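Coordinate analysis (summary)
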Amino acid sequence: MNFQLTEEHEMIRKMVREFAKNEVAPTAAERDEEERFDREIFEKMAELGLTGIPWPEEYGGIGSDYLAYVIAVEELSKVCASTGVTLSAHISLASWPIYKFGTEEQKQTYLRALATGEKLGAYGLSEPGAGSDVSSMKTRAVLDGDHYVINGSKVWITNGGEADIYVVFAVTSPEKKHKGISAFIIEKGTPGFSIGKKEKKLGIRSSPTTELIFEDCRVPKENLLGQEGEGFKIAMMTLDGGRNGIAAQAVGIAQGALDAAVEYAKGRVQFGKPIAEQQGVGFKLADMATAVEAARLLTYQAAWLESNNLPYGKASAMAKLFAGDTAMKVTVDAVQIFGGYGYTKDYPVERFMRDAKITQIYEGTQEIQRLVISRMLTKE
Ligand code: CAA
Ligand code: FAD
């Protein structure tokens, strides 16, 4: 077993860390306050090749792997969790299913545009009445000649409105339940497809989250992704890897909060010495650092498994579960270490705390991760 990152992984970490520090961090608080998505940051990520990290060069990627991808999401999330999830949704949720299930033509058209960052991607699975219970979705797709006619709506869609390419799930055969769900690639601007309400959120406020509305939206038959009826499986398999992207986001948020707390505790003097030297604070920092490291190891392991074509679904759910809870606890503790200052917008820890909460909710709530893990345990 080798825990040392390769030169390539170290190089990608260094590059993303520099980029995050110089191009993402300076406006993170302001974008959070203004709930503003910055396309320029995405374009700069594209210039560095980050938008296509794991995809082969023949599809516009840089031919690296899933470990490099989670390292990039972690480094971005250390300074701005919104930027972290922009990349995570783009790669894991929009690009991955096209890479795995797309035809050669779909890959050349859509995956290439996503990998090069010419286009931004999104993933439309959740509905008002179908969040955890995916198979109860109602959005309907009916074949009519050379097109599927789509009616319904999706909610909570990350990158919604800003994205150009959407992987969307709809029911093609209601009587077949989850086996009657299909996946589609839908382009922004397709008549009948519009963007609805933009959510006002507690955290990740510079990541847009919107409703998608489909009213007699005619999608060419060629944009069916995979086979008819394969949608539920595609959605689940996509989430298997996507959850590890969120684990990486959580590790980044937690590390960002820990770094800030250590710095602050070294400098803040109470009772005649830095608070870091008060055992109550020092022990808290030690527990925070230990949890972050454990979360990182689970996350890297899941990415390594996926990169090596080994089963990774359970590992990914475990990483998301543990890293999400770690991010929540570590950020709350970081605010505590900052005392009253931590509760203000003068320091980033309150933002980290607000951002951490979402990692316990999306890509399957923590309860759903436990359900996924326990089902796999009993199957083994
Ligand atoms: N891979 C392949 N097949 C799978 C699978 C997987 N990971 N998981 C399930 N399946 C198959 C099962 O084997 C079963 O197949 P058969 O019918 O052939 O037997 C079929 O799918 C149905 O499986 P279940 O009975 O387990 O289905 P279920 O209805 O009980 O639901 C669930 C399972 C895990 C709860 C699922 O609904 C789920 O994952 N819910 C959470 C949804 C979620 O995570 N949404 C995230 C949206 S994206 C997001 O949030 C974006 C963001 O972060 C930025
Ligand atoms: P519900 O499913 O209604 O759950 C409510 C509560 O009940 C939760 O605590 C849940 O854990 C619990 N619960 C439900 N079922 C069970 C069970 N069987 N056992 C135990 N507890 C259970 N979706 C997309 O498709 N694409 C996106 O890009 C996307 N981005 C998102 C971004 C944000 C900011 C948010 C908030 C959500 C996003 N989502 C996205 C949706 C997200 O995946 C769902 O919110 C999530 O899966 C939970 O669904 P729900 O909100 O309907 O909650």
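Residues numbered from 1 in each chain as written. Chains lettered and ligands numbered in written order. Predicted model: local features only at pLDDT ≥ 70, side-chain atom pairs only at ≥ 80, totals over all residues. Heavy atoms only, no water.

The chain goes by Acyl-CoA dehydrogenase in an unreviewed UniProt entry, where it is assigned to Anoxybacteroides amylolyticum. What UniProt records for the chain under Cofactor (unreviewed entry) is the sentence "FAD". Heading Catalytic activity (unreviewed entry) of the UniProt record for the chain holds this comment: "a 2,3-saturated acyl-CoA + A = a 2,3-dehydroacyl-CoA + AH2". (UniProt positions renumbered as here; feature names shortened; annotations may be inferred.)

Along the chain, the position of L371 falls in helix α10 (residues 366–379). On the accessibility criterion, L371 (34% relative accessible area) is partly exposed. A C-alpha to C-alpha distance of 9.6 Å links L371 and A317, two positions 54 residues apart in sequence. (Helix = DSSP H or I, 4+ residues; strand = E, 2+ residues; numbered from the N terminus. Buried < 20%, exposed > 50% of the residue type's maximum accessible area, 1.4 Å probe, protein only.)

Ranked by internal contacts, the top residues of the largest apolar core, which has 80 residues, are I98 and F169. Looking at this core element by element, the count peaks at 10 residues for helix α3 (residues 66–79). Aside from chain neighbours lying at most four places away, what touches F169 is Y123, G124, L125, M137, T139, K154, I181, S182, A183, G231, I234 and A235. Ranked by size, the runner-up nonpolar core spans 34 residues in total, among them L258, Y264, A265 and A295. (Core = buried A, V, L, I, M, F, W, Y, C linked by side-chain atoms within 4.5 Å. Contact = heavy atoms within 4.5 Å.)

A separate point is the site of ligand 1. For ligand 1, the set of nearby residues contains 24 residues, the closest of which are S132, H178, R243, E363 and R375. In the model, an oxygen atom of ligand 1 is placed 2.6 Å from a nitrogen or oxygen of the H178 side chain. Considered on its own, ligand 1 offers 1,100 Å² of accessible surface; in the complex 72% of this is hidden by protein. Mapping ligand 1 onto the cavity grids shows that it belongs to the largest pocket. (Near = heavy atom within 4 Å. Polar contact = N/O pair within 3.5 Å; in protein donor to acceptor, adjacent residues only side chain to side chain. Areas by Shrake-Rupley, 256 points an atom, 1.4 Å probe, with all protein chains shown as cover. 1 Å grid on protein atoms, 1.4 Å probe; cavity = no way out; pocket = protein on both sides within 12 Å on 5 of 7 lines; lining within 4 Å. Sits in = over half its atoms within 2 Å of the grid points.)

Right, let's talk about α10 for a bit. For α10, with 14 residues, the first-to-last C-alpha span of 20 Å sits near the 20 Å given by 1.5 Å per residue. Here α10 has its buried residues at Q366, I368, Q369, V372 and I373. Looking straight down α10, one finds its buried side chains confined to an arc of 160°; they lie on one side. Facing away from the buried side of α10 by over 90 degrees, the exposed positions are E367, R375 and T378. Looking at the buried residues of α10, the elements they touch are α6 (231–267) and α8 (313–338). (Expected span 1.5 Å × (residues − 1). Arc of directions from axis to C-beta.)

We now examine the UniProt feature "domain: Acyl-CoA dehydrogenase/oxidase C-terminal" (unreviewed entry) in the chain. UniProt records the feature "domain: Acyl-CoA dehydrogenase/oxidase C-terminal" (unreviewed entry) at residues 229–376, using the numbering of this structure. For residues 229–376, the end-to-end C-alpha separation is 23 Å, with 76% helix and 3% strand making up the annotated structure.

It is worth spelling out the pattern of salt bridges at this point. In this structure the tally under the stated criterion is 26 salt bridges. R36 is paired through a salt bridge with E30; the nearest N and O atoms lie 2.7 Å apart. A salt bridge links E293 to R296, with the nearest nitrogen and oxygen atoms 3.0 Å apart. Of the two residues, E293 and R296 are both situated in helix α7 (residues 279–307); the distance of three residues between them amounts to about one turn of the helix. (Salt bridge = Lys/Arg side-chain N within 4 Å of Asp/Glu carboxyl O.)

Bringing the domain arrangement of the chain into the picture now. Domain annotation for the chain reports domain 1 (7–120), domain 2 (122–228) and domain 3 (232–378). Tallying the contact residues gives 25 residues for domain 1 and 32 residues for domain 3. Between domain 1 and domain 3 lies a buried interface of about 2,200 Å² when both sides are counted; carbon and sulfur atoms form 63% of it. Our enumeration of links across domain 1 and domain 3 arrives at two salt bridges. For R354, the salt bridge is made with D32, and the minimal N-O distance between the two is 2.8 Å. The interface formed by domain 1 and domain 3 contains eight residue pairs in polar contact (both at pLDDT 80 or more). Among the elements that take part in the side of domain 1 that touches domain 3, α3 stands out by supplying 10 residues, more than any other. Residue classes in the side of domain 1 that touches domain 3 are distributed as 16 nonpolar, three polar and six charged. (Domains from an automatic or database assignment. Buried area = accessible area lost by both parts, 1.4 Å probe. Nonpolar A, V, L, I, M, F, W, Y, C, P; charged D, E, K, R; others polar.)

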